[in-house]
Amino acid sequence: MEHSKLSNLKVTAWLLSPLAGDPPALDAALAWELSHRLGSKHERKVLRDTPLEELPRVPIPVAQRTINGVDVYCCSNPILPAPLAPDWVEHINKRIDTTQFALLLAPKERKNLLITSGPYKMLHRPQRVRLIDRVCWFARGNRREMSKLLKSVLAIGQHRGIGYGLVGYWDFEETEQDYSIFAPCHSKKILMKTVPAGEDLQEVCGFRSSFGGIAAPYWHPENYREIAIPC
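Residues numbered from 1 in each chain as written. Predicted model: local features only at pLDDT ≥ 70, side-chain atom pairs only at ≥ 80, totals over all residues. Heavy atoms only, no water.

## Remarks on the sheet that holds strand E12 (residues 204-205)
Then, number 1: On the basis of which strands lie adjacent, the open sheet formed by three strands has the order E9-E10-E12 and mixed pairing. Lying at the two open borders of the sheet, with one neighbouring strand each, are strand E9 (182-185) and E12.
Then, number 2: Pairing geometry for E9 and strand E10 (residues 188-191), over four bridges, is antiparallel. Looking across to E10, one finds that Pro 184 is bridged to Lys 189. (Pairing = 2+ DSSP bridges. Helix = DSSP H or I, 4+ residues; strand = E, 2+ residues; numbered from the N terminus.)

Given below as structure tokens:
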């Protein structure tokens, strides 16, 4: 990526419906969309025991910076505004009434159906829902290429297929400074992105220590390590 094409950006997803769960990391959303377009998303199913070295690298249009020996993308954690209403809990339900379906089949065609696990498992799962109008990220990257990818990201968060987290449009605003990883605050430097813990954060404040992923796929065990999370 040419350095001249990089810009300091504030990226905003303006929402049309409430957000279920937590919003994604911006680099994860870009990698998810680009992997679909390149076909690598459909090439194989990635499981927790799939070695990361076997996965093709997805070249998203975002700058990288080395923090404590690890290259991380220059995009902040998602920033949420004050909700327009108090958070609430809805329940995601799935139930197959096998007694009714059985009446549609001839007796000799009726079989046992496992509903305690697998694809037909019954669910009554609580889900946190927030009524917010936008989600923001600070990033340093190629504005044009990021816009091409994000315009196809039509929803964010969880349960997108049933109408949560619908994105009306994506907005890009250039900023004078780079707030993607660190930001100045009262002559100090505060952390804006989850990064690996270590000596590079000695003069940084505004974070808590934890253990988790630092790169997409964030859920993969090989990406887990000691991390610093903005707070």
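There's more to say after this.
## Overview of the packing of helix H1 (residues 26-38) against helix H4 (residues 143-150)
Then, number 1: Interhelical geometry of H1 versus H4 gives an angle of 70 degrees and a closest axis separation of 9 Å. In this view, H1 runs roughly perpendicular relative to H4, as classed from their interaxial angle. When the axes of H1 and H4 are compared, the crossing they make is left-handed. Where H1 abuts H4, its residues Leu 26, Leu 30, Glu 33, Leu 34 and Arg 37 lie against Met 146, Lys 148, Leu 149 and Leu 150.
Then, number 2: For the contact of H1 with H4, the class distribution of residues is six nonpolar, no polar and three charged. (Axes fitted to C-alpha atoms, helices over the stretch in contact; angles between N-to-C directions. Parallel < 35°, antiparallel > 145°, perpendicular 65-115°, else oblique. Left-handed = near helix turned anticlockwise from the far one by under 90°. Contact = heavy atoms within 4.5 Å. Nonpolar A, V, L, I, M, F, W, Y, C, P; charged D, E, K, R; others polar.)

## Some points on the nonpolar core
Then, number 1: Core analysis: the biggest nonpolar cluster contains 26 residues, and Val 11, Leu 26, Met 146, Ile 156 and Trp 170 have the highest contact counts within it.
Then, number 2: Only strand E1 (6-15), H1, strand E7 (134-142), H4 and strand E8 (167-174) provide two or more residues apiece to this core.
Then, number 3: Those residues within four positions of Ile 156 in sequence are excluded, and the remaining contacts are Ala 13, Leu 15, Leu 19, Pro 24, Val 135, Trp 137, Tyr 164, Gly 165, Val 167 and Trp 170.
Then, number 4: Judged by nonpolar contacts, the second largest core, of 17 residues, contains Val 72, Cys 74, Leu 191 and Ile 227. (Core = buried A, V, L, I, M, F, W, Y, C linked by side-chain atoms within 4.5 Å. Buried < 20%, exposed > 50% of the residue type's maximum accessible area, 1.4 Å probe, protein only.)

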